[in-house]
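# Per-entry structural report
Letter by letter, the chains look like this.
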Amino acid sequence: MRDYIVQKFLHFEERDFVPGESLKEAIVIFLAWTAPAFLFVLWANRFYPEVEFYQAAIREGIGPNLWNVIGAFGFISFSVAVMFPQFSTPSLVSRHILSNTYAIGCLTFGLLLGQWFGFLSTDGLVWWQRGLFGVTSGFLLAIVLMLNLFVWYLGFLLTGDSGMKSSFLRKMEQLHGLIRIPLSICFAAAMIMIFLSEK
């Protein structure tokens with residue numbers, strides 16, 4: 001069974017999965033959304049902590065519900081694009097949804113980072129509380145960052161040069177439907193269960 005599966009996926013190459021130069025695009029988008037959100041939180045907390053409008057905007061931006069819902073649609077659309085790689089519309093729709101989800105995640109990360117720095121600078125914390133909070137929350141921020149980068153990575157897999165079909169999709173198109181369709185359904189089900197597990 002293992003040899004059969006390996007044989008079916010032999011036509012995939014490393015370049016089909018490695019972002020390479022495309023990673024610069026992810027970094028630019030990350031900085032464009034994260035930096036302004038981070039600076040806004042620092043500015044609002046430093047000069048206008050009493051303005052409820054700013055604080056409400058920060059709280060709403062940090063809430064994960066929007067990212068979770070749009071991300072679930074992105075995972076479903078990615079699965080549909082992989083299930084039917086011969087059609088260009090599913091991959092186009094999926095790329096846009098995943099791109100927007102990544103941008104929202106970068107904005108949320110910037111707001112979280114701003115709140116994190118603000119909390120660490122609180123005078124009411126003793127040194128061991130700052131250390132404990134810094135390590136644990138820093139680890140959680142790293143997980144959030146990796147989850148958001150995973151969303152971008154899925155979009156990368158569907159993105160080809162100059163609007164052409166990506167090499168990943170072309171290789172998926174060569175797989176038999178009996179392999180491709182169950183693989184797509186399992187991926188969609190697993191991702192939706194993970195990202196919509198919060199109630």
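Only a predicted model underlies this, so the values are computations on that prediction, with no experimental measurement involved.

### Considerations on the overall build of the protein
- Along the backbone of the protein there are 8 helices and 0 strands.
- Scored against the burial criterion, the 199 residues of the protein give a buried share of 36%.
- Surface exposure of the protein reaches about 12,200 Å², of which carbon and sulfur atoms provide 71%.

### Quick notes on a nonpolar patch on the surface
- Where nonpolar side chains cluster on the molecular surface, the patch consists of V69, F73, I76, V80, F84 and F87 and spans about 520 Å² of accessible area.
- With respect to the helices and strands, I76 occurs in helix 4 (residues 65-83).
- For I76, a relative accessible area of 36% gives the class partly exposed.

### As for the nonpolar core
- Ranked by internal contacts, the top residues of the largest apolar core, which has 28 residues, are F78, Y102 and L154.
- Counting only elements with at least two residues in this core, the list comes to helix 2 (23-47), helix 4, helix 5 (88-120), helix 6 (127-158), helix 7 (167-174) and helix 8 (177-195).
- Those residues in contact with L154 that sit more than four places away from it in its chain are F75, F78, L98 and F187.
- Core analysis: the second largest hydrophobic core is formed by 5 residues, A37, V41, I58 and L111 among them.

Definitions and limits used
- Residues numbered from 1 in each chain as written.
- Predicted model: local features only at pLDDT ≥ 70, side-chain atom pairs only at ≥ 80, totals over all residues.
- Heavy atoms only, no water.
- Helix = DSSP H or I, 4+ residues; strand = E, 2+ residues; numbered from the N terminus.
- Buried < 20%, exposed > 50% of the residue type's maximum accessible area, 1.4 Å probe, protein only.
- Areas by Shrake-Rupley, 256 points an atom, 1.4 Å probe, with all protein chains shown as cover.
- Patch = residues over 30% accessible without salt bridge, like charges linked within 9 Å, V, L, I, M, F, W, Y side chains within 5 Å.
- Salt bridge = Lys/Arg side-chain N within 4 Å of Asp/Glu carboxyl O.
- Core = buried A, V, L, I, M, F, W, Y, C linked by side-chain atoms within 4.5 Å.
- Contact = heavy atoms within 4.5 Å.

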